[in-house]
Amino acid sequence: RQQSNPIYRVASQVASELSILCLDEFQVTDIADAMILSQFFSTLFQQGVVVVTTSNRPPQDLYEGGLNRNYFLPFIDLLQRHCIVHSMGSDVDYRMITDEGNTVEAPHGKSGPRATVDLPQSFFMSEPTEDTAPVVEALLHHSGTNACASANANNSTQIQPTSMELSIGQNRALTIPIVHRSLNMIEMTFDDLCTKHELGANDYRAIGREFSCVHISDIPIPLTLERHNEARRFITLIDELYESRCALMISLDDADISMRKDGATALDPTKLFQAFGSAETGLDDADAADDEDLQWMDVATTKGGAPIGALASVVELEFAFQRAASRIHEMCSTRWWQKHSGVMDEK
């Protein structure tokens, strides 16, 4: 009977090929996934596979608030029997520690002269200021967006931006509207990347492989529960660009004071995301935790329009938002650009 179970067969094949399975960012957001994982890991443990994984939650908090979670509880017991839990909590997010602005050399052309300019502390910015405009000019040469000043007309080495069709496999292509060839940099709006084309990890990975710098503009502030699908895509985009070591520029037109860190002029990436608390979902803590009440509510929706059955997935976004904001801060930093953009060198 087990041999006819496809989950058992797949798990047995995995167990025959390895003795240790390492997973990063373990999470459970769907009841179907929860039931599959229970069978899959049970087979791995039975056949002696050692599992090492990281997660934003301890086992007892996995799939918290999820539909029919009581069916998932035996898997939690299984994890706690076979795994030793180590808390890796830290109050320090080292990605959020960046240098102040540095003086570096920024090229005015691939083989042309270089100008020494003061770089901003971050390429996460609103409209260009007097201090950052010369830097943006030196990096982009020519740009028609509000986020970047236009290139100096006397710069004979500037190269006009072009557009291109980027092949992303399976006979599919993505239109890139603005490509700065000399900088290996593209410019796209949030809607281009996360709304219009319903792109996924493979598409974002193709962008990361092809280009070393990505400029994203027109991000809705803040991303809320009503746009949780776009928020997931944006998080996936940031994750793929981070793994590809892309330098990131984000421009927010007319970013108001709510986007700034307390007592500072710098913009705060964490404020791109709005926490999905009980006020946002329309469920109080007792409702969210009461599986018995949720078992027959598949068609019900939260205030934000997300099915209650997807509540666990929405709740997990809070953890993903924290990681994405941290990565955005690092990828937009001067230090990251110096190391990964290919257009700036430390003096």
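Residues numbered from 1 in each chain as written. Predicted model: local features only at pLDDT ≥ 70, side-chain atom pairs only at ≥ 80, totals over all residues. Heavy atoms only, no water.

**So, the pattern of salt bridges**
Piece 1. Summed over the entire model, instances satisfying the criterion amount to ten salt bridges.
Piece 2. Asp191 is paired through a salt bridge with Arg227; the nearest N and O atoms lie 3.6 Å apart. Taken as a pair, Asp191 in helix α5 (residues 190–194) and Arg227 in the loop between β9 (213–217) and α7 (228–243) lie far apart in primary sequence, 36 residues in all.
Piece 3. Using a relative accessible area of 33% as the deciding quantity, one classes Asp191 as partly exposed.
Piece 4. Asp192 is the salt-bridge partner of Lys196, the closest N and O atoms lying 3.4 Å from each other.
Piece 5. Through salt bridges with shared partners, a single ionic network connects Glu25, Asp239, Glu243, Arg323 and Arg327. (Salt bridge = Lys/Arg side-chain N within 4 Å of Asp/Glu carboxyl O. Helix = DSSP H or I, 4+ residues; strand = E, 2+ residues; numbered from the N terminus. Buried < 20%, exposed > 50% of the residue type's maximum accessible area, 1.4 Å probe, protein only.)

**A few points about α7**
Piece 1. For α7, which comprises 16 residues, the first-to-last C-alpha distance of 23 Å matches the rise-based estimate of 22 Å (1.5 Å per residue) to within 8%.
Piece 2. Here α7 lies mainly inside the structure; twelve of its 16 residues are buried.
Piece 3. Those residues of α7 that sit buried are His228, Glu230, Ala231, Arg233, Phe234, Ile235, Leu237, Ile238, Asp239, Glu240, Leu241 and Tyr242.
Piece 4. Within two residues after α7, Arg245 carries a phi angle of roughly 60°, on the positive side. (Expected span 1.5 Å × (residues − 1).)

**Looking at the layout of surface pockets**
Piece 1. As a volume, the largest pocket reaches approximately 1300 Å³.
Piece 2. Around the largest pocket sit 36 residues that line it, and Thr54, Ser55, Asn56, Arg57 and Met88 are the ones nearest its centre.
Piece 3. Contributions of two or more residues to the lining of the largest pocket are made by α2 (31–46), β2 (50–53), α3 (73–82) and α11 (311–331).
Piece 4. Top element by residues in the lining of the largest pocket is α11. It accounts for five residues.
Piece 5. Here the lining of the largest pocket is composed, by residue class, of 18 nonpolar, eleven polar and seven charged. (1 Å grid on protein atoms, 1.4 Å probe; cavity = no way out; pocket = protein on both sides within 12 Å on 5 of 7 lines; lining within 4 Å. Points joined across faces, edges and corners; volume = space filled by probe spheres on them. Nonpolar A, V, L, I, M, F, W, Y, C, P; charged D, E, K, R; others polar.)

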